[in-house]
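Next come the chains, spelled out residue by residue.
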Amino acid sequence: MRSRRIALAVVTAVALTGVVGCGAVDKALDCVRTADAIATSVDRLSQAVSTASEDPTQLTEALNDIDRELGNLKDTTDNADLSKAVDALSKGVENVRTSVENGDATPDITPVTDAATELGKVCTS
């Protein structure tokens with residue numbers, strides 16, 4: 001699954017950058033926490049979209065969970081690039097929420113998965 005590959009890339013980045021210095025270690029640790037939460041969130045959202053016709057409340061609950069996680073992540077990172085990636089992911093979630101509120105039972109979650117991919121790039125650079 002795509003989100004798991006992102007998390008794996010982040011773990012690899014931690015292993016490679018951990019010896020560089022405190023700034024790199026802090027960024028790597030922020031990335032690990034962020035990537036893990038994002039991978040979980042994207043998985044939950046994907047599952048909620050695929051079962052939305054059976055239980056539309058799962059989609060709203062998944063979006064609420066992601067919003068909470070993103071809020072926590074934003075509060076715990078002081079890295080500008082990570083903050084920007086979290087902001088992009090938040091915007092993607094907001095777009096999905098708007099689609100759901102407008103009656104779309106199977107919204108396009110591409111902006112969310114794209115933002116998660118971008119987060120992986122930030123963590124591995």
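Let me sum up the structure you'll find in this document.

About the thresholds
Residues numbered from 1 in each chain as written. Predicted model: local features only at pLDDT ≥ 70, side-chain atom pairs only at ≥ 80, totals over all residues. Heavy atoms only, no water. Core = buried A, V, L, I, M, F, W, Y, C linked by side-chain atoms within 4.5 Å. Buried < 20%, exposed > 50% of the residue type's maximum accessible area, 1.4 Å probe, protein only. Helix = DSSP H or I, 4+ residues; strand = E, 2+ residues; numbered from the N terminus. Contact = heavy atoms within 4.5 Å. Expected span 1.5 Å × (residues − 1). Arc of directions from axis to C-beta.

1. A look at the nonpolar core
Working step 1: I38, L45, L59, L70, V96 and V112 are the most contacted members of the largest nonpolar core, which totals 28 residues.
Working step 2: Put simply, the parts of the chain that give this core at least two residues each are helix 2 (22–50), helix 3 (56–76), helix 4 (80–101) and helix 5 (110–124).
Working step 3: In contact with L70, other than residues within four places in its own chain, are I38, V86, L89, S90 and V93.

2. Some thoughts on the side chain of R97
Working step 1: Relative to the helices and strands, R97 resides in helix 4.
Working step 2: Residue R97 is classed as buried on the basis of its relative accessible area of 17%.
Working step 3: For R97, the contacting residues outside a window of four places in its chain are T60, L63, N64 and D67.

3. Concerning helix 3
Working step 1: In this model helix 3 runs 31 Å from its N-terminal to its C-terminal C-alpha over 21 residues, within 8% of the 30 Å that 1.5 Å per residue would give.
Working step 2: Within the sequence span of helix 3, burial applies to L59, A62, L63, I66, E69, L70 and L73. What you see down the axis of helix 3 is that its buried residues fit within an arc of 130°, all on one side. Across from the buried face of helix 3, at angles greater than 90 degrees, the exposed residues are R68, N72 and D75.

The values reported here are purely geometric and, on their own, carry no functional implication.
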